[in-house]
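# Close look at the chain arrangement
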Amino acid sequence: MASRYLKNFFPILFFVAPAFAFAQDSTINDSPAALPDVRITAFEQRGRLRDIPASVGHIGPGTLQRFGMASIVQAVNTIPGLRMEERSPGSYRFNIRGSSIRSPFGVRNVKVYFNDLPITDPGGTTYLNQLGSYSFRSLEVIRGPGSSVYGAGTGGVLLIGSLAGGDRPRLTAEYTFGSYGLHNLYGSFSTGNENSLSQLSFQHQVSGGYRQQSALRRDLFNWSGNFKLGNGQLKSTFLLGDLFYETPGALTFGEFQADPRAARPGGGGFPGAFDAQASIRQRTFLAGASYEQNLFGWLRNKTALYGMFTELTNPNLRAYEKSSIPHAGGRSVFSIQKTIGKSSLGFDAGMEWQEGFSKVSIHKNFGGRADSLRSVDELDNRQQFVFAQGLLDLAQSWSLTAGLSWNWSKLAFSRFAPATIGRQTRRFNNGLAPRLALMKKFVYSSLYTSLSKGFSPPSTAELVPTGGAINLGLEAEKGISYELGFKTSLPSGLTLDAAAFLFRLENTIVQRRDAGGGDYFTNAGKTDQKGIEVSLAYPLLGKAFRGLQSNAWISYTYHRFSYKEFRQLNNDFSGNALPGIAPHTLSAGYDVQTRKGWLATLSYYFSDRVPLSDAGSAYATAYHLLGARLGYQHAMGMHWKLRLTGGVENLLDQLYSLGNDINGFGGRFYNAAPGRNFYISMMIVREK
């Protein structure tokens, strides 16, 4: 099957030729071709990408700006093994090797750090959409369990940075407008010197949306600092965000074909999305800092502390939900690095702790307004773990990594209305998560193998879902991953990263939906997940033409995920494909930049058809996305730069569904993505 899709792709690649990318500092040095020089911090290891014995994807400013700054979805999807979805503007789902099977919306079972702060709440949910696209200066993605260093979780880890080394003082203003009422205004001011950098930024974004009831408004204020303090480095983060987006709801196949831009209609005793004024309002405050210092030359410590508060309101078809979700925590890591002849020995040990206190009230929804009270719940979460990791590097030839974490988590639940339910507690203790990796290094390449175990307790939203009954009996997922990988970066500029994995999961948590669109969850026995992920980049034509920088890139993902053992009542789904996972995806493109200031990118993305139910009775059709971007940048004197860009997405005007509602009740699976659309952007930068 894969060969048929590749055959369709290559004629397109030959006919569509050069196109464009603009990296933040008027070069494309952050494009995939330059990744060998990027320093990676995943698993507390500081080294080149090819020297890390794990599947780690990196996204820099060049990749982010390749697709415009209104959304990071397409940039993330250039990394094999990743799938980011946007059910409607602002409604993100994030999938690392199938992890979104537990996420009807938002991000679950993926640990997220922002400027060293663990912003995933102790209940297991990350409101990733609260970060604007400009919050991502760099993104490292660990594919597969990272539990040995980052605690409970089987779905991977995101390490996000809003500042990067080498940033300079500057003033930036950018305005973008486009299809479906898109307007995006961004401004930032950075000041400092070689010892400090402080950046203030603001983003205002609005969109009418492709579908009815899919408007978006985002206001985000961010202050980040990076300062040399004593013998260490201090990073500070302050973020204040206000996000509102409407939720149009899923359609049946017939409704999707008849009018993909429609919102879900009423029926079955429930109002339609428009009548219910279905939407989400998130207001978030985040404050924190991390300090890294050398204590004795060979001993280093990094400690981070933070506090975060999210207020969420969600009128929906069933009810009107109001939640307040404060949480706080910290992380501290001690690292030892010793050189013994031509070999080196490293050791990391640390702990992480998070505590949260949530209150959720459910009201009757009266046309988008809270009416009579139905229930009031209070939930207290605590999650903590300790970990240790050793790294032995023998004469830059062989390296051995061994790590282990020990995890504890607790949820305490109380209900005060309509009738009081006494305090109930569920604990998940002693979740051991080991990892072992062996790497052989060559002159320009490396070959590694790893074994890792993941432990993932159910999130608060799964134990106490607003759409279903309380289910404190859910069990934690436990999985073991085997991986073999190869990485190379040649002097010619060619880079290759390939990995094959086998992941076996027990007590897999899967999602269900009731008639009103409410979610509930159950354990699904065992799953068998196999995959191959490959990315390749090469500066095609870049060395043949003087004054031309270019980069051709392609990434391919093959995932074969199935239920190994899953029976529900009288149904036996054993052997069926896991819903929500495309067997084949492919992302490719070509970037070019000339000395005269012209920039261009052509991009292509293919997704195989996606099963939408455990029974395999419905599928979202395969689709091909083609995009193009053209720009020009010009230096105005010594300090000012002007950049004009324009782009078109979904050039083929494909009708497809993105962010499908898995196991949707009554066949309501489909959320239509935008058709052909455009954007135009102007940026002005002043640098010292």
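What comes next concerns the included structure. If you're wondering where the values come from, they're calculated on a predicted model, not measured in any experiment.

## A few points about the sheet that holds strand 8 (residues 117–118)
What links the strands of a sheet is backbone hydrogen bonding, and the strands pair in either a parallel or an antiparallel sense. Spatially, the five strands line up as an open sheet ordered 3-10-11-7-8, and their pairing is mixed. Lying at the two open borders of the sheet, with one neighbouring strand each, are strand 3 (56–59) and strand 8. Two elements, strand 7 (residues 111–114) and strand 8, share two bridges in a ladder whose sense is antiparallel. In the sheet register, Y113 faces strand 8, and the bridge partner there is P118.

## Some thoughts on the pattern of salt bridges
Here the idea is simple: oppositely charged side chains can pair when their charged atoms come close. Inspection of every chain in the model, using the stated rule, returns 29 salt bridges. Among the ionic pairs, R48 bridges to D51, the shortest N-O distance being 3.0 Å. Here R97 makes a salt bridge to E533, at a shortest N to O gap of 2.8 Å. Of the two residues, R97 is situated in the loop between strand 5 (92–96) and strand 6 (107–108) and E533 in strand 29 (residues 526–538); the sequence distance between them amounts to 436 residues. An identical accessibility class is assigned to R97 and E533; each is buried. In this structure, a network of salt bridges that share partners links the residues R46, D116, K235, E292, R300 and K302.

## Some points on the environment of P583
By secondary structure assignment, the location of P583 is in the loop between strand 32 (571–572) and strand 33 (584–594). Classification of P583 as partly exposed rests on a relative accessible area of 25%. The spacing of P583 and S613 is 30 residues in sequence and 15 Å in space, taken between C-alpha atoms. Setting aside residues no more than four positions away along its own chain, P583 makes contact with T557, Y558, H559, D608 and R609.

## Describing unusual backbone geometry
Of note, F43 is a non-glycine position whose phi angle comes to about 55°, a positive value. Note on F43: relative accessible area 1%, which makes it buried. One non-glycine residue, Y180, adopts positive backbone phi at about 60°. By secondary structure assignment, the location of Y180 is in the loop between strand 12 (170–178) and strand 13 (182–193). Residue Y180 is classed as partly exposed on the basis of its relative accessible area, which comes to 23%.

## A short note on the pairing of strand 18 (residues 299–315)
In this sheet, strand 18 lies alongside strand 17 (residues 279–294) in antiparallel orientation, the contact comprising 14 bridges. Paired with N294 across the two strands is R300, which belongs to strand 18. Here strand 17 hands over to strand 18 after four residues, with G297 in that stretch at a positive phi of 90°. Here strand 18 pairs with strand 19 (residues 320–340) via 17 bridges, running antiparallel. The residue bridging L312 from the neighbouring strand is S323, located in strand 19.

## Notes on the nonpolar core
Within the largest apolar cluster, 34 residues are counted, with the highest numbers of intra-cluster contacts made by F94, L128 and L158. At the level of secondary structure, the elements contributing two or more residues to this core comprise helix 3 (73–76), strand 4 (82–86), strand 5, strand 7, strand 10 (138–142), strand 11 (157–161) and strand 18.

## A short note on the packing of aromatic side chains
One pass over the structure, following the stated rule, counts 20 aromatic pairs. Ring centres of W406 and W408 lie 6.0 Å apart, and the angle between their planes is 10°; on these two criteria the pair is classed as stacked. Under the relative-accessibility criterion, W406 is labelled partly exposed at 40%. Its relative accessible area of 28% is what places W408 among the partly exposed residues. Over the aromatic face of F43 sits the side chain of R435, whose NZ or CZ is 4.1 Å from the ring centroid. Lying across the ring of Y619, R609 places its NZ or CZ 3.8 Å from the centre.

Each value, and the rule that gives it
Residues numbered from 1 in each chain as written. Predicted model: local features only at pLDDT ≥ 70, side-chain atom pairs only at ≥ 80, totals over all residues. Heavy atoms only, no water. Pairing = 2+ DSSP bridges. Helix = DSSP H or I, 4+ residues; strand = E, 2+ residues; numbered from the N terminus. Salt bridge = Lys/Arg side-chain N within 4 Å of Asp/Glu carboxyl O. Buried < 20%, exposed > 50% of the residue type's maximum accessible area, 1.4 Å probe, protein only. Contact = heavy atoms within 4.5 Å. Core = buried A, V, L, I, M, F, W, Y, C linked by side-chain atoms within 4.5 Å. Phe/Tyr/Trp six-rings, centres within 6.5 Å; stacked < 30°, edge-to-face > 60°. Lys NZ or Arg CZ within 6 Å of the ring centre and 35° of its normal.

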